[in-house]
Amino acid sequence: MRLHAGVAIVRPWRDTDADALAAEANDRRIASNLRDAFPCPYELEDAKGFLAMATAMSPQTYFAIEVDGRAAGGIGYTLQGDVSRVGAEVGYWLGVAHWGRGIMTAAVRSLSDHAFASHPELRRLFAVPFATNAASARVLEKAGYTREGTLRDSVIKGGSVLDSWMYARLRPGSEPRAQRWYTRPVFFVGDVQRAIRFYVDGLGFVKKWHEADGSGTVCQVDHGECEIILCQDAERHDRSRLFVELTRGDLAAFRRELAERSIPNRTARWGYDVVVVTDPDGNELFFPIEG
Ligand SMILES: CC(C)(COP(=O)(O)OP(=O)(O)OC[C@H]1O[C@@H](n2cnc3c(N)ncnc32)[C@H](O)[C@@H]1OP(=O)(O)O)[C@@H](O)C(=O)NCCC(=O)NCCS
């Protein structure tokens, strides 16, 4: 398992992560926003104990966030039991040096997609940040979670009784709608492997399926609810254009990711201002810029 999350990768923990984990986790600014079970100070022995547990668990639901080839944080979900077994609680933290680069937003998005894809019974992912944790609330909102309410006086941290917020994201498609048309465009491409590299490595899409043995000519890549079928056909030269609507904050984070990966994009006018990303075959993604 290896998920793209902007400039980071989400992947299973390894025993060799102990030094990096202890170094990144050992900060009161992290522990003060988490449950008391998260050690503070965070010693090498704590890291080793956690890794022994995380690498042995089945199914694996706790993962490392890797930045520049080194573990920089953690993210995971805890499957609930009994009548709550349709749900899982998401938790995450990131080393302070990496804050503010959109890493956790991308990681929560990717991990949420992965959790729903890996556990068909899951209907609901939720997180319960302390009501003092505006950054985490923002991450959840950008990752498609909705604040359902305030759990008043629900936690005690560092001697203070605090409210917490209940955030949840339901399985895509399970939100009630009057009528839902499910659409997926087909992009014709000259070389499906090249297109996969562009969408997955370049734009942060996840490969959803790839016909036959994973080497066929048709596959689907997803980024949240944006789903594109890539179809290799040397005879087809018609190009597609897709509008993708992002919030202003998401678009800004996405443009930062494009810049970090040197992916060309331009602004243009299509009745209003848009950011245009063109794939190697000339298919275009239009991202409207909110006025
Ligand atoms: C919360 C945390 C995971 C965020 O990680 P990150 O990679 O810096 O998050 P991102 O860069 O993806 O997004 C952070 C967002 O919060 C915003 N933000 C940061 N500090 C904020 C604050 N004090 N008030 C309001 N918003 C804030 C940022 O501006 C950004 O939003 P934007 O893109 O709209 O500008 C990280 O700070 C952390 O590990 N904190 C300690 C552990 C923790 O709180 N875990 C979650 C427990 S529920």
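Remember, it's a predicted structure, so these values are computed and weren't measured experimentally. (Residues numbered from 1 in each chain as written. Predicted model: local features only at pLDDT ≥ 70, side-chain atom pairs only at ≥ 80, totals over all residues.)

Asks: So what exactly am I meant to see when it comes to the overall build of the chain here?
Replies: Counting its regular elements, the chain contains seven helices and 16 strands. Taken against the 2.2 N^0.38 rule, which gives 19 Å for 291 residues, the C-alpha radius of gyration of the chain at 20 Å falls within 12% of a compact globule. With the C-alpha coordinates aligned to their principal axes, the bounding extent of the chain is approximately 65 × 45 × 40 Å. Counting over 291 residues, the chain shows a buried share of 30%. Considering only intrachain contacts with a sequence separation of at least 6, the fraction spanning at least 24 residues in the chain is 59%. (Helix = DSSP H or I, 4+ residues; strand = E, 2+ residues; numbered from the N terminus. Rg over C-alpha atoms; globule rule 2.2 N^0.38 Å. Buried ≥ 20, exposed ≤ 12 C-beta atoms within 10 Å, placed from the backbone. Contact = placed C-beta atoms within 7 Å.)

Asks: Which parts of the structure should I look at to understand the sheet that holds strand E12 (residues 226–232)?
Replies: The strands that make up a sheet are held in pairs by hydrogen bonds between backbone atoms, and each pair lies either parallel or antiparallel. Across the sheet, four strands lie side by side as E9-E12-E11-E10; this open sheet has mixed pairing. Looking at which strands have only one partner, the edges of the open sheet turn out to be strand E9 (186–189) and strand E10 (206–210). Strand after strand, the sheet turns through a mean of 30 degrees between neighbouring axes, direction not considered. As judged from the four bridges shared by E9 and E12, these two strands associate in the parallel manner. Bridged to Val189 within E12 is Gln232. Sitting on the sheet, helix H6 (residues 192–202) is in contact with E9, E10, strand E11 (218–223) and E12, with an inclination near 5 degrees to E11. (Pairing = 2+ DSSP bridges. Axes fitted to C-alpha atoms, helices over the stretch in contact; angles between N-to-C directions.)

Asks: I keep staring at the sheet that holds strand E2 (residues 8–12) and nothing clicks. Help me out?
Replies: In spatial order, the strands read E1-E2-E3-E4-E5-E6-E8-E7; together these eight strands make up an open sheet with mixed pairing. In this open sheet, the two strands that pair with only one neighbour each are strand E1 (3–5) and strand E7 (146–157). Each adjacent strand pair in this sheet contributes to an overall mean axis angle of 30 degrees, direction not counted.

Asks: Could you clarify how one ought to interpret the nonpolar core in this entry?
Replies: Soluble globular proteins tend to pack their nonpolar side chains together in the buried interior. In terms of nonpolar packing, the biggest core is built from 46 residues, with Val10, Leu21, Ile65, Ile103, Ala107 and Val108 touching the most fellow members. If one sorts the elements of this core by residue count, helix H4 (residues 103–118) sits on top with seven residues. Every residue in contact with Val108, bar those within four places of it in the chain, is listed here: Val90, Tyr92, Val139, Leu140 and Ala143. Phe188, Val189, Ala195 and Leu203 belong to the second-largest nonpolar core, a separate cluster that totals 13 residues. (Core = buried A, V, L, I, M, F, W, Y, C linked by C-beta atoms within 7 Å.)

Asks: Help me understand the site of the ligand, please; the structure alone is not making it clear to me.
Replies: The environment of the ligand is formed by 23 residues, the closest being Asn33, Met104, Thr105, Ala134 and Ala135. Of all elements in the fold, only strand E5 (87–94), H4, helix H5 (134–142) and helix H7 (248–260) reach the threshold of two or more residues within the shell around the ligand. Top element by residues in the shell around the ligand is H5. It accounts for five residues. Each residue belonging to the shell around the ligand can be placed in one class, and the counts come to 14 nonpolar, seven polar and two charged. (Near = placed C-beta within 6 Å. Nonpolar A, V, L, I, M, F, W, Y, C, P; charged D, E, K, R; others polar.)

Asks: Would you mind going over the environment of Phe243 with me for this structure?
Replies: By secondary structure assignment, the location of Phe243 is in strand E13 (residues 241–243). Taking the number of C-beta atoms within 10 Å as the measure of exposure, Phe243 has 12 and is therefore exposed. Along the chain, Phe243 and Arg109 lie 134 residues apart, while their C-alpha atoms are 20 Å from each other. Residues contacting Phe243, with those up to four places away along its chain left out, are Phe286 and Pro288.

Asks: Just checking my understanding: could you explain the domain arrangement of the chain for this structure?
Replies: Interface extent is often summarised as the accessible area lost during association of the parts. Domain annotation of the chain identifies domain 1 (3–170) and domain 2 (186–288). Spacing between the C-alpha centres of domain 1 and domain 2 amounts to 28 Å. Tallying the contact residues gives twelve residues for domain 1 and eleven residues for domain 2. No other element matches the five residues that H4 contributes to the side of domain 1 that touches domain 2. Of the residues belonging to the side of domain 1 that touches domain 2, the class tally is three nonpolar, six polar and three charged. (Domains from an automatic or database assignment.)

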